[in-house]
Amino acid sequence: VVAAVWDLKAESGPALRSKLLCRMGRALLKAGKVDAAEEAFDATIRTAEEALNKYGRTNLDAKAINVLDQSMADATLNKTDVKRYRNETAEILKFCAGLPPNVAAKRNGAQVLLHINNALTLTPGEVELHTHKVHLLARMKRWADLAAHCETFAAEVVKLDGVFVDDIENLNPFPAVLPAKSLPADFFDMAALDATTNVPKTLDATAVGEAVLRMPPAMLPLYLRALRLEERYAESSRASSVLDAHARDNLTSSNVAWLGQEKDKLRRTTAIKEGGDELFRKAQYEQAAAKYASCLLIDAEGEEIGVDGSNAGGRLHAVLHCNRAACFMALKNYREAARECTSALQIHSLYMKAMLRRARCHARLDRHEEAISEYQRWISLVEAAGRNPQAAASGETSSCYFDRPNDATAEDLDKARKELTDTKKAKTAKTEAEANARARAERQRWYDENLRRGGAGANAGGSDAYRRRQ
């Protein structure tokens, strides 16, 4: 077989072509262009096999043979990743089939999120899949995780600063954005969670201002909403200002038409909540509770993603419900206070303040069994966190990351233990009082019954001995 010299070397001809095709396929797969990636992998295998069949292993350079063999092996392995990705997306569709998005998120959100995360390990550059994840997290009311995902995405984009120049400048997905100065590209590389608190790492306001310019438009409304619902008001304000200025400078205001409404919600949220706090400090509890309720309803306006607006989740709404519980407890309306604590715990299942307040409400309502159960759960969680803070934190399933078991102090624990003891004593006293009352009632019933019988015997006549026996 006569072959050109360049056809037989590792750095040219079929060997180089197969290597480049495989790398291109890998890049396409990471970008989420799965069909094109599969075609590139098939072309890799086809090119390498044709070269080996055409020239034979004896006529090819040893390095060229290694390159061809390695390219075929890599392409075959990468094709299994293509198959895995398709399996993951098929599972996503299966869990969502025939269901409205909000219903699917409520019933199968955890499973869908798992498959999306698995798919993203294979296609980390697939913007559409990242956007799907953000919308799913919103429907699941996991606002802290949503914000963390958006910020991680932006930090990854920073790694491309300065890449799209000269002949590839037109490929830049975020044109007119200056290189980042405050947003480190490796901020989330070492760990997405803070090592000491085991909560998602967050960007400061300055870094957020650079992050929002590196997020897809479909993510931005939910990201700013997440900042507000997580009470990151400085970051939310900074993001709004940067987006406003960027849209004005680049004549793209139509892309952020939603921004005015979100800025208004941020302004009203902070003003109304601060007003409620001020009223509470003045012991005007009814007015404070009304203010907090008004703040809860802000997210019900202009609802677009199907989240129950009056209980949209996030730190903000959990705190508002817990604050209303404090108002009702001050007013001695313990039933309503317990209901507000339950609403807070539905958002943040490990909200320790809400859990303790509900226990106190149950105790004041003489629901001793419920109170004891609540106190014991609270104490158990805090003790477990004290023994192993990392394990306790990693095992949590709540969608919020504040006021958790490992945030409770030793003084809090001692106080809860004393309240538990007092509740048990109250339960015992109540049980004894109820038993005594039943015994007195039974004795009274016996006396009344026998008195009636004695009277009936006397009326009917009979001996004195008979009457005495009766």
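Caption draft 1: Representation of the overall build of the protein. Broken down by element type, the protein carries 18 helices and 0 strands. Among the 470 residues that make up the protein, the fraction classed as buried is 43%. Across the protein, every contact between residues at least 6 apart in sequence was considered, and the portion connecting residues at least 24 apart equals 67%.

Caption draft 2: Expanded view of the nonpolar core. Among the nonpolar cores identified, the biggest contains 79 residues, and Leu146, Leu183, Val212 and Tyr223 are the most heavily contacted of them. The contact partners of Leu183, leaving out residues within four places of it in the chain, are Ala154, Ala155, Val158, Leu203, Ala207, Glu210 and Ala211. Residues Met355, Leu356, Trp378 and Ile379 belong to the second largest nonpolar core, which totals 24 residues.

Caption draft 3: A look at helix H1 (residues 13-30). Between its first and last C-alpha atoms H1 spans 26 Å; for 18 residues at 1.5 Å apiece the expected length is 26 Å, and the two agree. Every buried residue of H1 is accounted for by Gly13, Pro14, Ala15, Ser18, Leu21, Cys22, Gly25, Leu28 and Leu29. On its buried side, H1 packs onto helix H2 (34-59), helix H3 (62-96) and helix H4 (101-122). After H1 finishes, the residue Gly32 shows a positive phi value of roughly 90°.

Caption draft 4: Broad picture of the packing of helix H9 (residues 233-249) against helix H10 (residues 259-281). At a minimum axis separation of 11 Å, H9 and H10 run at an interaxial angle of 155°. Classed by the angle they form, the pair H9 and H10 counts as roughly antiparallel. Here H9 runs over H10; the crossing is left-handed. Contact residues: Tyr233, Ser236, Ser237, Ser240, Leu243 and Asp244 in H9; Leu259, Lys263, Leu266, Thr269, Thr270 and Lys273 in H10. Its residues assigned to classes, the contact of H9 with H10 shows 4 nonpolar, 5 polar and 3 charged.

Caption draft 5: Representation of the pattern of salt bridges in the model. Scanning the entire structure with this criterion turns up 33 salt bridges. The partner of Asp81 in a salt bridge is Arg84, with the nearest N and O atoms 3.0 Å apart. A residue pair is termed a helical-turn pair when its members lie 3 or 4 positions apart in one helix, as Asp81 and Arg84 do in helix H3 at 3 residues. The class of Arg84 is partly exposed, set by a relative accessible area of 42%. Here the salt bridges do not stand alone but share partners, grouping Arg225, Arg228, Glu262 and Asp299 into one network.

Caption draft 6: Region of interest: the packing of aromatic side chains. Inspection of every chain in the model, using the stated rule, returns 4 aromatic pairs. An angle of 85° between the planes, with centres 4.8 Å apart, marks the rings of Phe187 and Phe188 as edge-to-face. Above the plane of the ring of Phe95 lies Lys94, whose end atom (NZ or CZ) is 5.3 Å from the centre.

Caption draft 7: Just the packing of helix H13 (residues 334-347) against helix H14 (residues 352-364), in detail. Their axes nearest at 9 Å, the elements H13 and H14 cross at an angle of 155°. Our classification of the angle between H13 and H14 gives roughly antiparallel. Two packed elements cross with a definite hand, and for H13 against H14 that hand is left-handed. Contacts between H13 and H14 involve Tyr334, Ala337, Ala338, Cys341, Thr342, Ala344 and Leu345 from the former and Ala354, Met355, Arg357, Arg358, Cys361 and Arg364 from the latter. Here the contact of H13 with H14 is composed, by residue class, of 9 nonpolar, 1 polar and 3 charged.

Caption draft 8: Structural view of unusual backbone geometry. A positive phi angle, close to 55°, is found at Asp166, a residue other than glycine. Within the secondary structure, Asp166 sits in the loop between helix H6 (143-158) and helix H7 (205-211).

Caption draft 9: Focus on H3. Spanning 35 residues, H3 covers 52 Å between terminal C-alpha atoms, matching the ideal 51 Å at 1.5 Å per step. Its side-chain oxygen at 2.9 Å from the backbone nitrogen of Lys63, Asp61 defines the N-terminal cap of H3. Looking one or two places after H3, you find Gly98, whose phi comes out positive at around 75°.

Caption draft 10: Region of interest: the environment of Pro101. Here Pro101 lies in helix H4. C-alpha of Pro101 to C-alpha of His135: the two residues are 34 residues apart in sequence and 9.4 Å apart in space.

Caption draft 11: View of the side chain of Arg232. Within the secondary structure layout, Arg232 lies in the loop between helix H8 (220-229) and H9. Here Arg232 is in contact with Ala147, Glu151, Thr202, Leu203, Val208 and Leu227, once residues within four sequence places are set aside.

Caption draft 12: Representation of the confidence of the model for the protein. For the protein, per-residue confidence averages 88 on the pLDDT scale, and 88% of positions sit at 70 or higher. Below pLDDT 50 for its whole length, residues 1-6 participates in 6 contacts with residues either more than four positions away or in separate chains. With pLDDT under 50 throughout, residues 304-310 is counted as low confidence; its partners more than four residues away or in other chains account for 23 contacts.

Parameters and conventions
- Note on numbering: residues in each chain are counted from 1, in written sequence order.
- Note on the predicted model: pLDDT of at least 70 is required for a residue's local features to be given, and 80 or more for side-chain atom pairs to be given and counted; whole-chain, interface and lining totals, by contrast, use all residues.
- Side-chain figures throughout are based on the complete set of non-hydrogen atoms in the structure, without hydrogens or water.
- For the purposes of this entry, the term helix denotes a DSSP run of H or I that reaches at least four residues, the term strand denotes a run of E that reaches at least two, and both are numbered from the N terminus.
- Burial status follows relative accessibility: with a 1.4 Å probe on protein chains alone, a residue under 20% of its type maximum counts as buried, one over 50% as exposed, and anything between as partly exposed.
- Any two residues whose heavy atoms approach within 4.5 Å are treated as being in contact.
- As used here, the term nonpolar core means buried Ala, Val, Leu, Ile, Met, Phe, Trp, Tyr and Cys residues forming a set that is joined through side-chain atoms within 4.5 Å.
- Expected helix span is given by 1.5 Å per residue-to-residue step, counting one fewer step than there are residues.
- For helices, the fitted axis covers only the stretch in contact; all axes are lines through C-alpha atoms, and the angles between them, taken along N-to-C directions, range from 0 to 180 degrees.
- Angles below 35 degrees are treated as roughly parallel, those above 145 as roughly antiparallel, those between 65 and 115 as roughly perpendicular, and all remaining angles as oblique.
- Left-handed describes a crossing whose near helix is turned anticlockwise from the far helix through less than a right angle; right-handed describes the clockwise counterpart.
- Ten residue types, Ala, Val, Leu, Ile, Met, Phe, Trp, Tyr, Cys and Pro, are classed as nonpolar, four, Asp, Glu, Lys and Arg, as charged, and the remainder, Gly among them, as polar.
- The salt bridge definition used is simple: a Lys or Arg side-chain nitrogen within 4 Å of an Asp or Glu carboxyl oxygen.
- Two aromatic rings, drawn from Phe, Tyr or Trp (for Trp, its six-membered ring), form a pair once their centres lie within 6.5 Å of each other, and the interplanar angle then sorts them: stacked below 30 degrees, edge-to-face above 60, tilted otherwise.
- Here, over-ring charges are defined by two tests on the NZ atom of lysine or the CZ atom of arginine: distance to the ring centre within 6 Å, and angle to the ring normal within 35 degrees.
- Any pair of nitrogen or oxygen atoms within 3.5 Å is treated as a polar contact; in protein, a donor-acceptor pairing is required on top of that, and neighbouring residues in sequence qualify only through side-chain atoms on both sides.
- As a per-residue measure, pLDDT tells how confident the predictor is, with possible values from 0 to 100.

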